[in-house]
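# Chains, contacts and geometry: an overview
Read off the chains here:
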Amino acid sequence: MPNIVELKNINKIYGENTPNPTQVLFDLSLSFETSTFNSIIGQSGSGKSTLLNILGTLDKATSGDVYINGINTQKMKKDEISKLRNESIGFIFQFHYLLPEFTALENVLLPFKISKKPITQEIMDRANELLDIVGLTDRKNNLAINLSGGQQQRVAIARSLINNPKIILADEPTGNLDSDTTDQVYDLLRKINQTYQTTFIVITHDRHIAEKADRIIEIKDGRIHLDIHKNTTKKD
Amino acid sequence: MKLAFSIAWRFLMSAKKQTIVIVLGIAVGVSVQVFIGSLISGLQVDLIDTAVGSTTQITVSSDVDRTIDLNPGEISLPVITDQNVASDINQISNDLVYVTETLDVIGFIEKDGIEKQVVFRGFDLEQAEGIYKLESDEKLVYGRMPEAADELILGIDFYNEYEENNINLFDENNPITVDVRRQGSNDLVSFKVVGFFDLGVKALNNAWGIGSIEAARSIYGIDAYYISSIEMQVSDPFLAQELAAQIKNELGDSYEITNWMDEQASLLSGLQGQSISSLMIQVFVIVAVVLGISSTLAITVLQKSKQIGILKAMGLTDKDASFVFLSEGAILGVFGAIVGIILGVGLSVMFVTFAIDQTTGEPVVPLNIDPGFIVLSAFIALFASILSALLPARRSSKMTVIEVIRNA
């Protein structure tokens, strides 16, 4: 299967121009295949969030190249990157990050509105369908602040899907949810992965969750420590 | 743009109290500006009207002495003899609203052996009414305007002075006849006194007599065309200087042209001082408004940094992120301006309605509510609001997703 995301020799150094620069990622190369469900695990401070931010073009690598859909993002202009993010990548963050001033439905529609395409009945139907998938049809007109944590996280998932992105990046998407809700959310992500063939890259600290993925990558001290494909185990 | 605007709108509406406070802040600024502006401009209009509204604003006279053949004898005076001058001036500009030829005679008025010096002013009475507003402004305190060449009206002091000597100069139904002679001549000409005026200036009330040009000629005892000066009023008094220069250009050097702006330079500089101080007040009000909005919006950017971060993560461009806050500035400016104008005009109307002079029933200070000025104030407020949103907008544009995520 083709690679949808590819990292080549990524180094990330914080405080490069200070007396004590900190290198977080060391010459890291990694690629992800289309339609797979991948998890990244690692202790806090291992560099896994930095890795995800670089993958999602939210942060820039100090050196190395990031290819998304075969395009090198290191050389793209800011606006081009914004467009790429808008069209190809969906984000789910630990703190769900909905816009509290907007309703659940409006939050779901925001990435589409950012693309500046006209709102059609088709996209409204899609937004409603996504809210239906995450089980929030009856809450779609509630303001985001009036939803519970689990509900907000589910809205964030629906939002990440509205533009039909090829990749979904999730950073501890269940980090502040209870275990029942956590299971529900993962089942949901899995279902979406199977239905829409969306590639998932999910950071989690929960091994139980990680084991449900097609592939588990463990990051330790800024390097790949383990890379386990289901059925096959490969040690770096 | 549309997206940025709708996000801005939602941000503002989600913090209604804060929005109302900012809008009120702008509104107070705009209303002060509208009120102060209307007040100062009202004061100026009133002052100018009082000072030069009922007098000549540009005067054309001859710069060279000419001989008047008196038959017998002759005198030399700076008079205009060219009959076309008045009509030439009339054609220079439509802003010259009243133009009257005048023929002045310095002489004496005599009744029952009592003589009093008079400056007899012969006017084109119809045009002169436009300048001196004797009838329309109720300056004619007794009687009526002269209609025939043997009729005149006098300043109110003539009436009072003769009254002190037990001589009555006014009889409405049967006008009193007085004799007038030119200084340096003993030829008496009889006039009927048909009215008295009060120009509000002692020197004029004590000296002027007004009649037709024909009447003035009859005192000289001449028939030929001689006039002392051409007096005129301008539609906008502040055009006087410019129009005077045009007239000078047209007529050449043998004429002397004076205008009120040169003659009353101290009044003019006083008015300018007032304008400048009013402008300064307005500028400082705007600066205060800009600082107020700017600091509030700067706080809003911080409050909304999380939202801006999410929006950017979802692909909002830096430009659109800055438009969000520019839109907030514009929305606040529009509402602030609208509320401010309502407040300002309301305040002005209240001022004119309630602060009235008990004796005349007129407002103590007449306000000049100029729609153009109000529209200008509104646009300044709008512009200031957008301007004060620039820094917050820039900040929002520079904000990166990563710093928002890390600080969460």
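Computed from a predicted structure; not experimentally measured. (Residues numbered from 1 in each chain as written. Chains lettered and ligands numbered in written order. Predicted model: local features only at pLDDT ≥ 70, side-chain atom pairs only at ≥ 80, totals over all residues.)

In this section: the overall build of chain A. Helix and strand counts for chain A stand at seven helices and eleven strands. Its C-alpha atoms give chain A a radius of gyration of 18 Å, within 12% of the compact-globule value 18 Å for 236 residues. Each of the 236 residues in chain A was classed as buried or not, and the buried ones make up 46%. A sequence separation of at least 24 residues applies to 69% of the contacts in chain A between residues at least 6 apart. (Helix = DSSP H or I, 4+ residues; strand = E, 2+ residues; numbered from the N terminus. Rg over C-alpha atoms; globule rule 2.2 N^0.38 Å. Buried ≥ 20, exposed ≤ 12 C-beta atoms within 10 Å, placed from the backbone. Contact = placed C-beta atoms within 7 Å.)

Along the backbone of chain B there are 14 helices and twelve strands. Rg of the C-alpha trace for chain B: 33 Å, well past the compact-globule value of 22 Å for 408 residues, more than 25% over. With the C-alpha coordinates of chain B rotated into their principal frame, the extents come out at 110 × 50 × 30 Å. For chain B, the proportion of its 408 residues judged to be buried stands at 39%. For chain B, long-range pairs separated by at least 24 residues make up 78% of all intrachain contacts whose partners lie at least 6 apart in sequence.

Time to look at the nonpolar core. Of all hydrophobic cores here, the largest spans 112 residues; its most connected members are Val108, Leu131, Val155, Leu169 and Ile201 of chain A together with Ile26 of chain B. Ranked by the residues each element gives to this core, the list is headed by helix α12 (residues 318-354) of chain B, at ten residues. Ignoring anything within four residues of it in the chain, the contact list for Leu169 of chain A reads Leu52, Leu55, Gly56, Ile89, Phe91 and Ile201 of chain A. In this structure, Tyr159, Val178, Tyr226 and Ile247 of chain B belong to the second largest nonpolar core, which totals 58 residues. (Core = buried A, V, L, I, M, F, W, Y, C linked by C-beta atoms within 7 Å.)

A separate point is the packing of helix α10 (residues 265-303) of chain B against α12 of chain B. All names here are of chain B. One way to put it is that α10 packs onto α12 with a least axis distance of 11 Å and a crossing angle of 140°. With respect to each other, α10 and α12 are oriented oblique. Crossing hand, α10 versus α12: right-handed. Residues Ile293, Leu297, Thr300 and Val301 of α10 pack against Phe325, Glu328, Gly329 and Leu332 of α12. Here the contact of α10 with α12 is composed, by residue class, of five nonpolar, two polar and one charged. (Axes fitted to C-alpha atoms, helices over the stretch in contact; angles between N-to-C directions. Parallel < 35°, antiparallel > 145°, perpendicular 65-115°, else oblique. Left-handed = near helix turned anticlockwise from the far one by under 90°. Nonpolar A, V, L, I, M, F, W, Y, C, P; charged D, E, K, R; others polar.)

Residue and element names in this part refer to chain B. Within strand β11 (residues 229-234), six of the six residues are buried, which leaves it mostly tucked inside the rest of the structure. Residues Ser229, Glu231 and Gln233 point to one face of β11 and Ile230, Met232 and Val234 to the other, with burial holding for every one of them. Alignment of strand β1 (residues 58-62) against β11, held across four bridges, turns out to be antiparallel. Bridge pairing links Val60 to Ile230 in β11. Examined bridge by bridge, strand β4 (residues 96-111) and β11 share six bridges and lie antiparallel to one another. Opposite Val99, over in β11, you have Met232 as the bridge partner. (Pairing = 2+ DSSP bridges.)

Once that is clear, we can look at the interface of chain B and chain A. At the junction of the two partners, chain B supplies 17 residues and chain A supplies 20 residues. Of all elements in the fold, only α1 (2-14), α11 (305-313) and α14 (401-407) of chain B reach the threshold of two or more residues within the side of chain B that touches chain A. Element by element, the count of residues in the side of chain B that touches chain A is highest for α11 of chain B, at five residues. When the residues that make up the side of chain B that touches chain A are grouped by side-chain class, the tally is ten nonpolar, four polar and three charged.

Next up on the list: the sheet that holds strand β1 (residues 3-14) of chain A. Residue and element names in this part refer to chain A. Strand order in this open sheet of four strands is β2-β1-β4-β5, and the pairing throughout is antiparallel. Unpaired on one side and paired on the other, β2 (22-33) and β5 (71-72) mark the two borders of the sheet. In this sheet, β5 lies alongside strand β4 (residues 63-68) in antiparallel orientation, the contact comprising two bridges. Opposite Ile68, over in β5, you have Ile71 as the bridge partner. Strand contacts of helix α1 (residues 48-55): β1, β2 and β4, with the helix running at about 125° to β1, the strand carrying the most contacts.

Further remarks concern the environment of Asp171 of chain A. Residues and elements named next belong to chain A. Within the secondary structure, Asp171 is located in strand β7 (residues 167-171). Distance from Asp171 to Asp132, taken between C-alpha atoms, is 23 Å for residues 39 residues apart in sequence. Contacts of Asp171, omitting those with residues within four sequence positions, involve Ser49, Leu52, Phe93, Gln94 and Ile203.

Time to look at the confidence of the model for chain A. Overall, the predicted model of chain A reaches an average pLDDT of 86, with 96% of residues at or above 70. Counted against residues more than four places away or in other chains, residues 232-236 of chain A, with its pLDDT under 50, gives six contacts. (pLDDT = per-residue confidence, 0-100.)

A regular strand places its side chains on the two faces of the sheet in alternate fashion. Residues and elements named next belong to chain B. A large share of strand β9 (residues 189-197) lies buried, amounting to seven of its nine residues. Of the strand pairs in this sheet, strand β6 (residues 140-143) and β9 are connected by three bridges, and their pairing is antiparallel. Each bridged residue has a counterpart across the sheet, and for Gly143 the counterpart in β9 is Gly195. As judged from the five bridges shared by strand β7 (residues 151-155) and β9, these two strands associate in the parallel manner. Following the sheet pairing, Glu151 is matched in β9 by Lys192. Two elements, strand β8 (residues 176-182) and β9, share five bridges in a ladder whose sense is antiparallel. Bridging from a neighbouring strand, Ile176 pairs with Val193 of β9. The antiparallel pairing of β8 with β9 creates a hairpin that spans six residues between the two strands, and Gly184 there sits at a positive phi of about 90°.

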